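Chain by chain, the residues run as shown.
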Amino acid sequence: MNAELITAGVLFTPAAVLITVCLAGHLRARRADDALAAALAAHRATQPTGTEPPPNCRETAPEPAAEPARLATVIDFPTRHRNAA
């Protein structure tokens, strides 16, 4: 064997092994992603059946929300300080 073939073998063999491992991992990840996408697509929410659209194709206005109850008394923050002495 000549020196060029030995050098090529030393340089290209680790690269070939690394490429093989990376491609195998990529294919495994792609299969897992496809399986996850299929599972999510199977459980996607659908439109309820048997409902009629509102008349004149308009939606009804939502009910106004009740005013939230106050939880505590709010006091003003003192802006001037008094000296106790």
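See the structure shown above.
As a starting point, this report considers the structure included with it. Throughout, a residue's number is its position along its own chain's written sequence, starting from 1. Owing to the predicted nature of the model, reporting of local features is limited to residues with pLDDT of at least 70; listing and counting of side-chain atom pairs is limited to 80 or more, with chain, interface and lining totals taken over all residues. Only hydrogens and water are set aside when side-chain values are computed; all heavy atoms of the structure are taken into account.

Our focus in this paragraph is the overall build of the protein. Helical segments are the DSSP runs of H or I of at least four residues, strand segments are the runs of E of at least two, and each set is numbered from the N terminus. The number of helices and strands found in the protein is one helix and zero strands. Buried positions account for 0% of the 85 residues belonging to the protein. For each residue, the accessible area found with a 1.4 Å probe, counting protein chains only, is set against the maximum for its type, and the residue is called buried under 20%, exposed over 50%, and partly exposed in between.

A separate point is helix α1 (residues 3–42). Expected span of a helix, by definition, is 1.5 Å for each gap between consecutive residues, and there is one gap fewer than residues. Counted at 1.5 Å a residue, the expected span for α1 with its 40 residues is 58 Å, and the 59 Å between its end C-alpha atoms agrees. Bend at a residue means the angle formed by two fitted axes: the first through the 7 residues ending at that position, the second through the 7 residues beginning there. A maximum bend of about 25° is found in α1 at phenylalanine 12, where proline proline 14 lies one to four positions downstream.

Each patch is assembled from residues with relative accessible area greater than 30% and no salt bridge, linking like charges that lie within 9 Å and nonpolar side chains (Val, Leu, Ile, Met, Phe, Trp, Tyr) that lie within 5 Å. With residues, only the protein chains shown are counted as cover, and all accessible areas are computed by Shrake-Rupley using a 1.4 Å probe. One side-chain nitrogen of Lys or Arg within 4 Å of one carboxyl oxygen of Asp or Glu is enough to make a salt bridge. Together, Met1, Leu5, Ile6, Val10, Leu11 and Phe12 make up a nonpolar patch on the protein surface, roughly 730 Å² of accessible area in all. Its place among the elements puts phenylalanine 12 in helix α1. By relative accessible area, phenylalanine 12 is classed as exposed at 59%.

Bear in mind that shape data such as this cannot, by itself, settle questions of function.
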